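Fold and contact review
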Amino acid sequence: MNELFAADPLVCTSASDLKLLFASFGPYAGRYLANYPSDWATQVQRGLDPVGEIEAARIQTLLRRAKENLTLVNRLNLPWKPDQAWLANASPLLEGSSSVFEGLIANGGTPPTVHELHDVDLPPTAEERVAGTANEYARISKILLLLSPEIAFIDPYLNPQKRACSAVLGALFDLVGRGKCQKITLWTRAADVLGAGNTNAVMADMKETLQRLAVTANFKSGREIEMNLVEDESRQTKMHGRYVLSVKGGVRLDQGFQQLPNGRQVDVGPIGKVIHNELLDIFFDGRHDMRVVERIAFKV
């Protein structure tokens, strides 16, 4: 999950090649293509000249959509020497424990880390089993958390007052604080979070915890945090899955937002397009029949 690849801008010889390249990347695949070097798109267009007007328009559309959909993402401050070939620049970024790229797509490289475009055979999605730790949850969600304008955390058992949960939220909030997100909404089931205690006191404590997490993560002034506690019993819409969700894509967390003991592992994976659209209808557009029992809402 969240793997970053890079491709030689000259590896594509047509709009069809460019479409084939992009097909293996983006939030629905759970892996991304780096905009490397920073003028990668310009180099792609230059390498494909001369082409007809229709072909040129297709290329521009593919590049624009790739940026909008987070198929092609920026990775800042990567070294680049203009006097060297692309592969000579990119290859060192595959090496060592601090490697940037999971793999490269270029002509003349050495498998398995360098792929020819028409020999790329990546799995449809980058789902995996990871340790149930805060750092791993942050790693697999990093690009969505940094680049999405709005994020929802969905989990019927999401309780910021539990230490195992607040540790995960803290790691995710830290990424959000460094990124473009302007609003976080948390969705959880009231019956599983409020219990039989004093509701007002529990809600006040949860708000204080969320405020503390936002301050610790250096949220910029004006960013919004909302938490909806819902009742879904006897409702058509039910809270089952646990997700990091944005308008760009999402990540499925089988064990939700909790740090697991003793190195236990958890299944995680990208959300597919059909389910993503259904989740957007529910949690972003309000097309559900769940009743919001309690709500926390504030600006930092």
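Our structure's up above, just so we're on the same page.
The following refers to the structure shown.

Criteria and thresholds
Residues numbered from 1 in each chain as written. Predicted model: local features only at pLDDT ≥ 70, side-chain atom pairs only at ≥ 80, totals over all residues. Heavy atoms only, no water. Axes fitted to C-alpha atoms, helices over the stretch in contact; angles between N-to-C directions. Helix = DSSP H or I, 4+ residues; strand = E, 2+ residues; numbered from the N terminus. Parallel < 35°, antiparallel > 145°, perpendicular 65-115°, else oblique. Left-handed = near helix turned anticlockwise from the far one by under 90°. Contact = heavy atoms within 4.5 Å. Nonpolar A, V, L, I, M, F, W, Y, C, P; charged D, E, K, R; others polar. Pairing = 2+ DSSP bridges. Phe/Tyr/Trp six-rings, centres within 6.5 Å; stacked < 30°, edge-to-face > 60°. Buried < 20%, exposed > 50% of the residue type's maximum accessible area, 1.4 Å probe, protein only.

1. Quick word on the packing of helix 2 (residues 40-47) against helix 3 (residues 53-68)
In the contact formed by helix 2 and helix 3, the axes pass within 11 Å of each other and the chain directions differ by 165°. Taken together, the axes of helix 2 and helix 3 are roughly antiparallel relative to one another. The two elements helix 2 and helix 3 meet at a crossing, and its hand is right-handed. Contacts between helix 2 and helix 3 involve W40, A41 and Q45 on the former and, on the latter, I59, Q60, L63 and K67. Broken down by class, the residue content of the contact of helix 2 with helix 3 amounts to four nonpolar, two polar and one charged.

2. Some remarks on the sheet that holds strand 8 (residues 183-189)
Sheet architecture is open: eight strands sit in the order 6-12-11-10-7-8-9-13, paired in mixed fashion. Across the chains shown, the open sheet's two edge strands, defined by having one partner strand only, are strand 6 (128-131) and strand 13 (291-299). Between one strand axis and the next, the sheet turns through 20° on average, direction left out of account. Here three bridges tie strand 10 (residues 243-246) to strand 11 (residues 250-253), and the two strands are oriented antiparallel to one another. By the bridge assignment, V244 is partnered in strand 11 with V251. Along the sheet face, helix 8 (residues 199-216) touches strand 8, strand 9 (224-231) and strand 13 and points at about 40° away from the line of strand 13.

3. Here we look at the packing of aromatic side chains
Tallied over the full model, the rule gives nine aromatic pairs. Judged by centre distance (5.4 Å) and plane angle (20°), the ring pair of F173 and F219 falls under stacked. Remark: F219 occurs in the loop between helix 8 and strand 9 and F173 occurs in helix 6 (residues 163-178); sequence separation between them is 46 residues. The burial state of F173 is the same as that of F219; both residues are buried. Between the aromatic rings of W187 and F283, the centroid separation amounts to 5.1 Å while the plane-to-plane angle is 70°, which identifies the pairing as edge-to-face. Taken together, the positions of W187 in strand 8 and F283 in helix 9 (residues 273-283) put the pair 96 residues apart, joining distant regions of the chain. A residue is classified by how much of its surface remains accessible, and W187, at 6% relative accessible area, is buried. Since its relative accessible area comes to 11%, F283 is described here as buried.

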